[in-house]
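Structure at a glance
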Amino acid sequence: MWKARLGLLLVAVFGSGAGQAAECRAERFEGESYTVCAVDMVRDDLRLFLNSAESGTPLGSFGAIEGKLKAEGKTLVFAMNAGMYHADRSPVGLYVEAGQEMRGLVTRDGPGNFGLLPNGVFCIREGRADVIETLRFARERPRCRDASQSGPMLVIDGALHPRFLVESDSRYIRNGVGTSEDGRQAWFVISDRAVNFHTFGRFFRDHLRVRQALYFDGKVSRLFAPGLGRSDIGFPLGPMVGAVIDADAAVD
């Protein structure tokens, strides 16, 4: 019964018709399945989460976010991990939350997927969200209320990252985000099976048809989607992103 009510709530909040943000849903492309959560940035309250306000330590889980929001009279309708982090769960690159910069922008290349340039920044502003390539971000310095740097870029100006290989055998469950040109729509995606970067990037470019998309992570990728009866568990996370509503809206 609880799952059914939450499913109806997601439809009510995210909508189901053309031109409206949609509930989290399953989609298939080129024989692979994905879960897609779409957010309308004009209507929906999208936020980044990292630390507990009380202890200053990383929240680490979707349940901890729910506990934090309960004190505000809010609740989560969707969440996922949102950027790479160190062993202490601090962000690898730029991280801004509620207007406060907690980690600076990293423009150099380096080891690992984060340093596979070009990488990018997921930027949340009033009424819009954008994926912005890092060097462009450094030049333009947009004022983001929330921001998380990650990498690599999956899609850059409509093209796949140049280092992706079609036949790569590096396969993981992966998650990331793509944004519309006007910034109103953000699509959060997690693969249901292990895929390589080229396959994952094609889903954004050729299925969602976004021109900018950013990789969040692999192996640790997790999703909270109560309307689908899903709350993935695992090791503690660093940065997370979630859509928030008033708890009063979650009525029977």
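Residues numbered from 1 in each chain as written. Predicted model: local features only at pLDDT ≥ 70, side-chain atom pairs only at ≥ 80, totals over all residues. Heavy atoms only, no water.

**A closer look at the pairing of strand 6 (residues 100-103)**
Bridging between strand 5 (residues 95-97) and strand 6 involves 3 bridges; their strand directions are antiparallel. Following the sheet pairing, glutamate 97 is matched in strand 6 by glutamine 100. Turn length for the strand 5-strand 6 hairpin, with the two strands adjacent in sequence and antiparallel, is 2 residues, and the turn residue alanine 98 shows positive phi of about 50°. (Pairing = 2+ DSSP bridges. Helix = DSSP H or I, 4+ residues; strand = E, 2+ residues; numbered from the N terminus.)

**A look at the sheet that holds strand 8 (residues 128-133)**
Here 5 strands make up an open sheet; going across it, the order is 6-5-9-7-8 and the pairing antiparallel. On the outer flanks of this sheet lie strand 6 and strand 8, each paired with one strand and no other. Direction aside, neighbouring strands of the sheet carry axes that sit 20° apart on average. Two strands pair when backbone bridges link them, and strand 7 (residues 120-125) and strand 9 (residues 146-150) are joined in this way by 5 bridges, in the antiparallel orientation. Looking across to strand 9, one finds that phenylalanine 122 is bridged to serine 148. (Axes fitted to C-alpha atoms, helices over the stretch in contact; angles between N-to-C directions.)

**Regarding the state of the cysteines**
The final tally for this structure, using the stated rule, is 2 disulfides. The residue that forms a disulfide with cysteine 24 is cysteine 37, at a sulfur-sulfur distance of 2.0 Å. Given an S-S torsion of about 115°, the disulfide between cysteine 24 and cysteine 37 has right-handed geometry. Here cysteine 24 is found in the loop between helix 1 (2-14) and strand 1 (25-29), whereas its partner cysteine 37 is found in strand 2 (residues 32-40), with 13 residues between them in sequence. Owing to a relative accessible area of 4%, cysteine 24 belongs among the buried residues under this scheme. Across a sulfur-sulfur distance of 2.1 Å, cysteine 123 and cysteine 144 are joined as a disulfide pair. Taking the sign of the S-S torsion, about -110° here, the bridge from cysteine 123 to cysteine 144 comes out left-handed. Here cysteine 144 lies in the loop between helix 3 (134-140) and strand 9 and cysteine 123 lies in strand 7, a separation of 21 residues in the sequence. No difference in accessibility class separates cysteine 123 from cysteine 144, as the two residues are buried. The connectivity of the disulfide bonds within the protein can be written as 1-2, 3-4, using the sequence rank of each bonded cysteine. (Disulfide = S-S within 2.5 Å. Buried < 20%, exposed > 50% of the residue type's maximum accessible area, 1.4 Å probe, protein only.)

**A short note on the layout of surface pockets**
As a volume, the largest pocket reaches approximately 340 Å³. Met84, Pro111, Gly112, Asn113 and Phe114 are, among the 20 residues lining the largest pocket, the residues nearest its centre. The residue inventory of the lining of the largest pocket, partitioned by class, reads 9 nonpolar, 6 polar and 5 charged. (1 Å grid on protein atoms, 1.4 Å probe; cavity = no way out; pocket = protein on both sides within 12 Å on 5 of 7 lines; lining within 4 Å. Points joined across faces, edges and corners; volume = space filled by probe spheres on them. Nonpolar A, V, L, I, M, F, W, Y, C, P; charged D, E, K, R; others polar.)

**Quick notes on the sheet that holds strand 16 (residues 230-231)**
What links the strands of a sheet is backbone hydrogen bonding, and the strands pair in either a parallel or an antiparallel sense. Pairing is antiparallel in the open sheet, where 5 strands are placed in the order 3-17-4-15-16. Each having just a single partner strand, strand 3 (45-49) and strand 16 make up the two edges of the open sheet. Pairing analysis gives 2 bridges linking strand 4 (residues 74-81) to strand 15 (residues 223-225), with the strands arranged antiparallel. Residue pairing for strand 15: alanine 79 is matched across the bridge by phenylalanine 224.

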